[in-house]
Amino acid sequence: MFKWKTALKAISYDDFHKQNAERRQGLSLIVKKLVIILWGFLMGGLLNFINVPAGWLIGAMIAGMISAMTFGRMNSNKYVFKSGLCLLGISFGANINIDFFISLKNLLFPLIISISLILIIALILSRLLYKNSNLNYVTALFCCIPGGASEVIGTSHDAGAD
């Protein structure tokens, strides 16, 4: 026969409330993540609807920033972040066709000049930022590198930037 008094004494009052607090915290984390995803879809859809270039990407980034300011920063799995970057790369790559490369033939020389100038200016600006701030050089460099925000953020984590 089951002894209820013995079973109830085994679970103390503090343990019970501690377990409930952990469950509530886990549930609130799930709710926060769902709110961020919902905000991302809403903001991305809105910006896409009003024909903002890369509206889905920009809307999701704005939603993430607003959610981080509202709820605080949430740690995410690095594999989820890398998977998101892979999806972005696939979607960008799927939109490139042969005509794009054919059109680059006439623009090859101006592209080489402009990309070289942009990289030189980024290096100069990162050096100035490094000398005039308390950032380390890697962080200063990633602050000045031109490129997609999601790619720069993903690469900067791997390179050890702050």
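Residues numbered from 1 in each chain as written. Predicted model: local features only at pLDDT ≥ 70, side-chain atom pairs only at ≥ 80, totals over all residues. Heavy atoms only, no water.

Colleague: Sorry if this is basic, but what is going on with a nonpolar patch on the surface here?
Modeller: Residues F109, I113, L117, I120, I121, I124, L125 and L128 make up a contiguous nonpolar surface patch of about 780 Å² in total accessible area. Mapped onto the elements of the fold, I124 is located in helix α6 (residues 108-131). The class of I124 is partly exposed, set by a relative accessible area of 49%. (Patch = residues over 30% accessible without salt bridge, like charges linked within 9 Å, V, L, I, M, F, W, Y side chains within 5 Å. Areas by Shrake-Rupley, 256 points an atom, 1.4 Å probe, with all protein chains shown as cover. Salt bridge = Lys/Arg side-chain N within 4 Å of Asp/Glu carboxyl O. Helix = DSSP H or I, 4+ residues; strand = E, 2+ residues; numbered from the N terminus. Buried < 20%, exposed > 50% of the residue type's maximum accessible area, 1.4 Å probe, protein only.)

Colleague: Just to check I follow, could you spell out the confidence of the model for the protein for this structure?
Modeller: Model confidence for the protein is summarised by a mean pLDDT of 76, while 72% of its residues fall at 70 or above. Highest mean pLDDT in the protein belongs to α6 (91); lowest belongs to helix α1 (residues 4-10) (51). (pLDDT = per-residue confidence, 0-100.)

Colleague: Could you clarify how one ought to interpret helix α3 (residues 55-71) in this entry?
Modeller: Because each turn of an α-helix spans 3.6 residues, side chains separated by three or four positions end up pointing in the same direction. Here α3 contains 17 residues, and its C-alpha end-to-end distance of 23 Å stays within 8% of the 24 Å for a straight helix at 1.5 Å per residue. Those residues of α3 lying buried are G55, G59, A63 and S67. What you see down the axis of α3 is that its buried residues fit within an arc of 90°, all on one side. Where α3 terminates, the next one or two residues include G72, which has phi positive at roughly 90°. (Expected span 1.5 Å × (residues − 1). Arc of directions from axis to C-beta.)

Colleague: How should I be thinking about the packing of α6 against helix α7 (residues 137-144) in this particular structure?
Modeller: Their axes nearest at 8 Å, the elements α6 and α7 cross at an angle of 135°. Here α6 is positioned oblique relative to α7, judged by the angle of their axes. Crossing geometry of α6 relative to α7 is assigned as right-handed. Touching A122, L123, L125, S126, R127, L129 and Y130 of α6 are Y137, A140, L141, C143 and C144, all from α7. Partitioned by chemical class, the residues of the contact of α6 with α7 number 10 nonpolar, one polar and one charged. (Axes fitted to C-alpha atoms, helices over the stretch in contact; angles between N-to-C directions. Parallel < 35°, antiparallel > 145°, perpendicular 65-115°, else oblique. Left-handed = near helix turned anticlockwise from the far one by under 90°. Contact = heavy atoms within 4.5 Å. Nonpolar A, V, L, I, M, F, W, Y, C, P; charged D, E, K, R; others polar.)

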